[in-house]
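Below are the chains, spelled out letter by letter.
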Amino acid sequence: MAEDRQKAAAGQPHNVILEERRVLTVSGVQDVDSYDEQSIVAFTELGELTIKGEGLHINKIDVQTGELNVEGEIWELCYSNLQKSQQGLFSRLFR
């Protein structure tokens, strides 16, 4: 099932639209790893995207279409080259 979601989002372009630092729309999202009112960690085709701010609220997440919509006071968008691991817990522990 997770593979189906990745395949659906894999062919989609990755775009980030930030409107007045209050509304963020991201396309090409494969999965959301964690979220709270101060940060959201999402996996995209281009790496891990961390969104930081205050009062963050996910309005819409659809991993089949790859769309994420966030509202709140957005302070930072940060990419890392880490891709979502396809390996299990034990394989990551015993590298």
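Residues numbered from 1 in each chain as written. Predicted model: local features only at pLDDT ≥ 70, side-chain atom pairs only at ≥ 80, totals over all residues. Heavy atoms only, no water.

J.: I'd love a proper account of the overall build of the chain, names of residues and values included.
T.: Counting secondary structure elements, the chain contains 2 helices and 6 strands. Listing the helices and strands of the chain from first to last along the sequence gives α-β-β-β-β-β-β-α. Counting only residues that meet the buried cut, the chain has 33% of its 95 residues in that class. Once local pairs closer than 6 in sequence are excluded, the contacts in the chain between residues at least 24 apart make up 47%. Carbon and sulfur atoms form 50% of the exposed surface of the chain, whose accessible area is close to 6,300 Å². (Helix = DSSP H or I, 4+ residues; strand = E, 2+ residues; numbered from the N terminus. Buried < 20%, exposed > 50% of the residue type's maximum accessible area, 1.4 Å probe, protein only. Contact = heavy atoms within 4.5 Å. Areas by Shrake-Rupley, 256 points an atom, 1.4 Å probe, with all protein chains shown as cover.)

J.: Describe a nonpolar patch on the surface, naming the residues involved and giving the relevant values.
T.: On the surface, Val 16, Leu 18, Leu 46, Leu 77 and Tyr 79 cluster together into a nonpolar patch covering about 420 Å² of accessible area. Where the nonpolar patch is concerned, the elements lending two or more residues are strand S1 (15-19) and strand S6 (67-80). Inspection of the secondary structure puts Tyr 79 in strand S6. (Patch = residues over 30% accessible without salt bridge, like charges linked within 9 Å, V, L, I, M, F, W, Y side chains within 5 Å. Salt bridge = Lys/Arg side-chain N within 4 Å of Asp/Glu carboxyl O.)

J.: Go over the pairing of S1, please, and point to the residues and values.
T.: Pairing between S1 and strand S2 (residues 23-27): 5 bridges, direction antiparallel. In the sheet register, Val 16 faces S2, and the bridge partner there is Val 26. A loop of 3 residues connects S1 with S2, the two strands running antiparallel in sequence, and Glu 20 in this loop sits at a positive phi of about 50°. (Pairing = 2+ DSSP bridges.)

J.: Please set out the nonpolar core residue by residue, giving values where relevant.
T.: Proteins that are soluble and globular tend to have nonpolar side chains buried together. In this structure, Leu 24, Val 26, Val 29, Val 32, Ile 40, Ala 42, Leu 49, Ile 51, Leu 56, Leu 68, Val 70 and Ile 74 together form the largest nonpolar core, which totals 12 residues. Residue assignment for this core shows that the elements contributing at least two residues are S2, strand S3 (29-35), strand S4 (39-44), strand S5 (47-62) and S6. Every residue in contact with Ile 74, bar those within four places of it in the chain, is listed here: Leu 18, Arg 21, Arg 22, Val 23, Leu 24, Ile 51, Lys 52, Gly 53 and Leu 56. (Core = buried A, V, L, I, M, F, W, Y, C linked by side-chain atoms within 4.5 Å.)

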